[in-house]
Amino acid sequence: MEKSLWKSILSVRTDAPLIHNITNYVVMNNTANALLAIGASPIMAHAHPEVEEMVNISNALVINIGTLDEYWCESMDRAAKKANELHKSWILDPVGAGATLFRDQTVINLINYKPTVIRGNASEIMAIAKVSRLHTKGVDSVYQSEEAIEAAQWLNSSTGSIICVSGAVDVIISRKQKAFIRNGHPMMQQVTGLGCTATAIIAAFLGNDASDPFHATVSAMCLLGIAGEIAQKNSNGPGSLQMNLLDKLYNLTEQEFSSYLKIDFQND
Ligand SMILES: Nc1ncnc2c1ncn2[C@@H]1O[C@H](COP(=O)(O)OP(=O)(O)OP(=O)(O)O)[C@@H](O)[C@H]1O
Ligand SMILES: Cc1ncsc1CCO
Ligand SMILES: [Mg+2]
């Protein structure tokens, strides 16, 4: 497995998948830079007249509801519908799900278009699964990812989407198995939108190889976790972490990857 995870990282670097992002204002720049650093090719596009055409030419689509408004909601609906029609991989990032009715309704609507993967923090995944609507605090999680496993499992079986719950442990859930990745560093929570970056990186791996979305999601989360963990060692705080992370996404070696990797699998 370890070899095949690294192989996926190398093929994103060489194949440069085109990733269409409908994402939030806060992270557009970080996300585009992270995609470039791993070798992918980002395009941010949400205008109604072009959104379907863009889905058509891209290898995968990201829909991130971080700074939602009515116009973007319609862009997201059109893009997700098109991706579903074309059987193109797409990932949903339900930023702040559970915080407002508008976000919840948007997420519920988008899930009808069968996202290949849903990635959120524990609070968001639990909110979507309707296990709890009470404790979501803005865009940050107040739960540990392990607490969301039951919700994530329910969501996986009711939607068919691969579910990725990020946090100190990243948990990735398919119908047949779970992966638990213990890489990363707590300081990653002090850089805005690294969850959004995780989502975009997953899209790059899905765009490059649509045959195994579980494997693509696991590869992507290992890459980000390990790059973040190594980057933090040379950082004085969130500012330098953000910069060092981009560099490490770009120049991570196989030797670093295999010596840092902390992953377990569970077959269900
Ligand atoms: N306590 C932690 N220890 C190690 N890594 C962490 C920790 N918390 C988050 N991470 C890592 O940070 C990245 C982003 O995950 P996080 O769960 O913070 O996303 P998020 O809450 O959706 O963030 P945002 O909404 O700001 O984009 C993941 O790679 C995750 O593994
Ligand atoms: C802070 C923030 N607010 C809306 S989106 C976003 C980026 C992290 O998800
Ligand atoms: Mg998030």
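First things first, this report covers the structure right here in the doc. (Residues numbered from 1 in each chain as written. Chains lettered and ligands numbered in written order. Predicted model: local features only at pLDDT ≥ 70, side-chain atom pairs only at ≥ 80, totals over all residues.)

## Topic: the overall build of the protein
Within the protein, the secondary structure is distributed over 11 helices and 9 strands. The C-alpha radius of gyration of the protein comes to 17 Å, within 12% of the 18 Å expected for a compact globule of 268 residues. Each principal axis of the C-alpha distribution contributes one length, and for the protein these read about 45 × 40 × 35 Å. Counting over 268 residues, the protein shows a buried share of 51%. The long-range share in the protein, meaning contacts at least 24 apart out of those at least 6 apart in sequence, stands at 72%. (Helix = DSSP H or I, 4+ residues; strand = E, 2+ residues; numbered from the N terminus. Rg over C-alpha atoms; globule rule 2.2 N^0.38 Å. Buried ≥ 20, exposed ≤ 12 C-beta atoms within 10 Å, placed from the backbone. Contact = placed C-beta atoms within 7 Å.)

## Thoughts on the pairing of strand S9 (residues 263–267)
Counting buried positions over the 5 residues of S9 gives 0, only a small fraction of the element. Pairing geometry for strand S8 (residues 177–181) and S9, over 5 bridges, is antiparallel. In the strand pairing of S9, Gln-177 is matched with Asn-267. (Pairing = 2+ DSSP bridges.)

## Let's talk about the sheet that holds strand S4 (residues 90–93)
If you trace the 9 strands from one edge of the open sheet to the other, you get S2-S1-S3-S4-S5-S6-S7-S8-S9, paired in mixed fashion. In the strand order of this sheet, the two ends are held by strand S2 (41–44) and S9, each with one partner. On average, adjacent strands in this sheet sit at an angle of 20° to one another, irrespective of strand direction. Where S4 meets strand S5 (residues 117–121), 2 bridges bridge the pair, whose relative direction is parallel. Within S5, the residue paired with Leu-92 across the bridge is Ile-118. Here helix H4 (residues 70–85) sits on the sheet and contacts strand S1 (18–22), strand S3 (60–64) and S4; the angle it forms with S3, its principal contact strand, is near 150°. Where helix H9 (residues 213–233) meets the sheet, it contacts S5, strand S6 (162–166), strand S7 (170–173), S8 and S9, and its direction lies at approximately 170° from that of S7. (Axes fitted to C-alpha atoms, helices over the stretch in contact; angles between N-to-C directions.)

## Some points on the environment of Pro-17
Relative to the elements of secondary structure, Pro-17 occurs in the loop between helix H1 (2–15) and S1. Sequence separation between Pro-17 and Ala-204 is 187 residues; the distance between their C-alpha atoms is 6.2 Å. With residues near it in sequence (within four places) discarded, Pro-17 still touches Val-12, Ala-40, Ser-41, Asn-59, Ala-60, Ala-204, Gly-207 and Asn-208.

## Brief notes about the site of ligand 1
Close to ligand 1 lie 23 residues, the nearest being Asn-121, Ser-166, Gly-184, Met-188 and Gly-195. For the shell around ligand 1, the leading source of residues is helix H8 (residues 194–208), giving 4 residues. (Near = placed C-beta within 6 Å.)

## Observations regarding the nonpolar core
Among the nonpolar cores identified, the biggest contains 81 residues, and Ile-125, Ile-201, Ile-202, Ala-204 and Leu-223 are the most heavily contacted of them. Element by element, the count of residues in this core is highest for H9, at 11 residues. When residues no more than four places from it in sequence are discounted, the contact partners of Leu-223 are Ile-9, Ile-38, Ile-201, Leu-249 and Leu-252. (Core = buried A, V, L, I, M, F, W, Y, C linked by C-beta atoms within 7 Å.)

## What to know about H1
When the terminal C-alpha atoms of H1 are compared, their 20 Å separation across 14 residues agrees well with the 20 Å that a helix rising 1.5 Å per residue should span. In this fold, the buried residues of H1 make contact with helix H2 (28–38), H8 and H9. With its phi angle positive at about 45°, Ala-16 sits one or two positions after the end of H1. (Expected span 1.5 Å × (residues − 1).)

## Topic: the packing of helix H3 (residues 48–57) against H4
Pairs of packed helices are described in terms of their axes, by the angle between the two and the distance that separates them. Contact geometry for H3 and H4: axes closest at 9 Å, N-to-C directions at 30°. It follows that H3 is roughly parallel to H4 by the angle criterion. When the axes of H3 and H4 are compared, the crossing they make is right-handed. Taken together, the residues of H4 that come into contact with H3 (itself represented by His-48, Val-51, Glu-52, Val-55 and Asn-56) are Glu-74, Ser-75, Arg-78, Ala-79, Lys-82 and Ala-83. Of the residues contributing to the contact of H3 with H4, the split by class is 4 nonpolar, 3 polar and 4 charged. (Parallel < 35°, antiparallel > 145°, perpendicular 65-115°, else oblique. Left-handed = near helix turned anticlockwise from the far one by under 90°. Nonpolar A, V, L, I, M, F, W, Y, C, P; charged D, E, K, R; others polar.)

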